[in-house]
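For reference, the chains in residue letters:
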Amino acid sequence: MTVQEILAAFTRILRDLLLDDSIILTMETRREDIPNWDSFNYINFIVAVELEFGVKFKIADIESFSNVGAIATEMTKILASTSRVVPKLHH
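The present account deals with the structure reproduced in this document. (Residues numbered from 1 in each chain as written. Predicted model: local features only at pLDDT ≥ 70, side-chain atom pairs only at ≥ 80, totals over all residues. Heavy atoms only, no water.)

## Observations concerning the packing of aromatic side chains
How we decide: Centres within 6.5 Å are what make two rings of Phe, Tyr or Trp a pair, Trp counting through its six-membered ring; a difference in plane orientation under 30 degrees is then read as stacked, over 60 as edge-to-face, and the rest as tilted. Helix and strand labels come from DSSP, where a helix needs a run of H or I of at least four residues and a strand needs a run of E of at least two; each type is numbered from the N terminus. Only protein chains enter the accessibility calculation, which uses a 1.4 Å probe; a residue whose area is less than 20% of its type maximum is buried, one above 50% is exposed, and one in between is partly exposed.
On inspection of all chains with the given rule, the structure shows five aromatic pairs. Judged by centre distance (6.1 Å) and plane angle (90°), the rings of Phe 10 and Phe 53 are edge-to-face. With a gap of 43 residues between them, Phe 10 in helix α1 (residues 3-18) and Phe 53 in helix α2 (residues 39-53) connect regions that are remote in the sequence. Residue Phe 10 shares its accessibility class with Phe 53, and that shared class is buried. A connected cluster of aromatic rings, assembled from ring pairs, spans Phe 10, Trp 37, Tyr 42, Phe 45 and Phe 53.

If you want it as structure tokens, here you go:
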């Protein structure tokens, strides 16, 4: 999965979460750049990303992400290694 594909997925997730189709995420986008992307919605976004991709971020990473690019970069590392990819639950 490319960084562009990850950014597209992140954009879709955040648009759905904040109900705002005008959101466009870049590698440099910070939470402060997006109206209503507060700490509560940040956690909701991280959880949605984890569920969508079947991955698990470390708490220290979640606290240190400075922008969307940092999240995307960590995501590519996780997807490249299988140690933090979790099986998706099927209902």
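## Here's the deal with unusual backbone geometry
A positive phi angle, near 55°, is found at Leu 19, a position not held by glycine. By the element assignment, Leu 19 lies in the loop between α1 and α2.

## Topic: the nonpolar core
Filter applied, for reference: To form a nonpolar core, buried Ala, Val, Leu, Ile, Met, Phe, Trp, Tyr and Cys residues must be joined to one another through side-chain atoms within 4.5 Å. Any pair of residues with heavy atoms lying within 4.5 Å of one another is described as a contacting pair.
Core analysis: the largest hydrophobic core is formed by 25 residues, its most contacted members being Phe 10, Trp 37, Phe 45 and Phe 57. Element by element, the count of residues in this core is highest for α1, at seven residues. Beyond its immediate sequence surroundings of up to four residues, Phe 10 is in contact with Leu 25, Phe 45, Val 49, Phe 53, Val 68, Ile 71, Ala 72 and Met 75.

## A closer look at α1
Applied cut-off: A helix's residues, less one, multiplied by 1.5 Å, set its expected span.
Between its first and last C-alpha, α1 extends 22 Å over 16 residues, near the 22 Å set by a 1.5 Å rise per residue. Considered for burial, the residues of α1 that qualify are Ile 6, Leu 7, Ala 9, Phe 10, Thr 11, Ile 13, Leu 14 and Leu 18. Tucked into the core, α1 has its buried residues touching α2 and α4 (68-80). Once α1 ends, the next one or two residues include Leu 19, with phi positive near 55°.

## Focus: α2
For the record, the criterion: Pairs of N or O atoms within 3.5 Å make up the polar contacts considered here, provided that, within protein, one atom can donate a hydrogen while the other can accept it, and that residues adjacent in sequence are counted only when both atoms are side-chain atoms.
In this model α2 runs 21 Å from its N-terminal to its C-terminal C-alpha over 15 residues, within 8% of the 21 Å that 1.5 Å per residue would give. Along α2, the residues that are buried comprise Asn 41, Tyr 42, Phe 45, Ile 46, Val 49, Glu 50 and Phe 53. Looking at the buried positions of α2, the neighbouring elements they touch are α1, α3 (59-64) and α4. Put simply, Asp 38 is the residue that caps the front of α2, since its side-chain oxygen is 3.3 Å from the backbone nitrogen of Phe 40. Gly 54 sits one or two positions beyond α2 and adopts a positive phi of about 65°.

Note that every value here comes from positions in space, so none of it alone points to a role or purpose.
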